[in-house]
Amino acid sequence: MKSILQTYLEKDIWILIRDKWYYATIIGVWDDLLWFKHRTHNKDTEEDTLWEMVVKISEVVAIDKVVSVVSRKPDVFISRLLETDRHSNNHQGHDNP
């Protein structure tokens, strides 16, 4: 995992750490540590906060370089998939008289 993470230095990727996804920029990879920065958005104040975190590489469960996913939260992700599927089914129904 360490060598894979090193290939993404200064790049933005999704990282699953324990059970939470972060859209992060990798700052550094040393020994058994991963250093990255990520943003959180406060809906009440409409402000973004930049955080820097250091975690053990062994806590990284997965990485995903696909940036276009709307949300990594399972409930939001599933509802978007269902919405997309519903639109697909509606279009298929109109093709048959």
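Given the structure is predicted, the values throughout are model-derived calculations rather than measurements. (Residues numbered from 1 in each chain as written. Predicted model: local features only at pLDDT ≥ 70, side-chain atom pairs only at ≥ 80, totals over all residues. Heavy atoms only, no water.)

## Examining the overall build of the protein chain
Check the secondary structure of the protein chain and you find two helices and five strands. When the helices and strands of the protein chain are placed in sequence order, the string is α-β-β-β-β-β-α. Counting across all 97 residues of the protein chain, residues that qualify as buried make up 23%. Nonlocal contacts in the protein chain, meaning residues at least 24 apart in sequence, comprise 38% of its contacts between residues at least 6 apart. When the accessible area of the protein chain is evaluated, it comes to approximately 7,400 Å², of which 53% is carbon and sulfur surface. (Helix = DSSP H or I, 4+ residues; strand = E, 2+ residues; numbered from the N terminus. Buried < 20%, exposed > 50% of the residue type's maximum accessible area, 1.4 Å probe, protein only. Contact = heavy atoms within 4.5 Å. Areas by Shrake-Rupley, 256 points an atom, 1.4 Å probe, with all protein chains shown as cover.)

## Observations regarding the environment of Val 60
Checked against the element boundaries, Val 60 lands in strand β5 (residues 60-64). Spatially, the C-alpha atom of Val 60 lies 9.3 Å from that of Asp 19, the residues being 41 residues apart in sequence.

## So, the side chain of Thr 25
Its location among the elements puts Thr 25 in strand β2 (residues 20-30). A polar contact is formed between the side chain of Thr 25 and the side chain of Asp 12, at a distance of 2.3 Å. Aside from chain neighbours lying at most four places away, what touches Thr 25 is Glu 10, Lys 11, Asp 12, Trp 35, Phe 36 and Lys 37. (Polar contact = N/O pair within 3.5 Å; in protein donor to acceptor, adjacent residues only side chain to side chain.)

## Section: the sheet that holds strand β1 (residues 12-17)
Taken in spatial order, the five strands line up as β4-β3-β2-β1-β5 in an open sheet, and their pairing is antiparallel. The outermost strands of the open sheet, each flanked by one partner alone, are β4 (47-56) and β5. Across this sheet, the average inter-strand angle for adjacent strands is 40 degrees, counted without regard to direction. Taken together, the 10 bridges between strand β3 (residues 33-42) and β4 define a ladder with antiparallel strand orientation. Looking at the pairing, Phe 36 lines up with Met 53 of β4. (Pairing = 2+ DSSP bridges. Axes fitted to C-alpha atoms, helices over the stretch in contact; angles between N-to-C directions.)

## What about the pairing of β3?
For a regular strand, side-chain orientation follows a simple rule: the groups alternate between the two sheet faces. Note: β2 against β3, six bridges, orientation antiparallel. Bridging from a neighbouring strand, Gly 28 pairs with Trp 35 of β3. Here β2 folds back onto β3 in antiparallel fashion, the turn holding two residues, of which Asp 31 has a positive phi close to 45 degrees. Adjacent in sequence and paired antiparallel, β3 and β4 are bridged by four residues, among which Glu 46 carries a positive phi angle near 60 degrees.

## Some points on the packing of aromatic side chains
Using the criterion set out here, one finds four aromatic pairs in the structure. For the pair Trp 14 and Trp 21, a centre-to-centre distance of 6.5 Å together with 85 degrees between the ring planes defines the contact as edge-to-face. The buried category is assigned to Trp 14, whose relative accessible area is 13%. Through pairs of rings, three or more aromatic residues link up here, namely Trp 14, Trp 21 and Tyr 23. (Phe/Tyr/Trp six-rings, centres within 6.5 Å; stacked < 30°, edge-to-face > 60°.)

## As for the environment of Leu 34
In this fold, Leu 34 is placed in strand β3. Linking Leu 34 and Lys 2, residues 32 residues apart in sequence, is a C-alpha distance of 8.4 Å. Leave out the neighbours within four places in its chain, and Leu 34 touches Leu 5, Ile 15, Ile 26, Gly 28, Val 29, Met 53, Val 54, Val 55, Ile 57 and Val 60.

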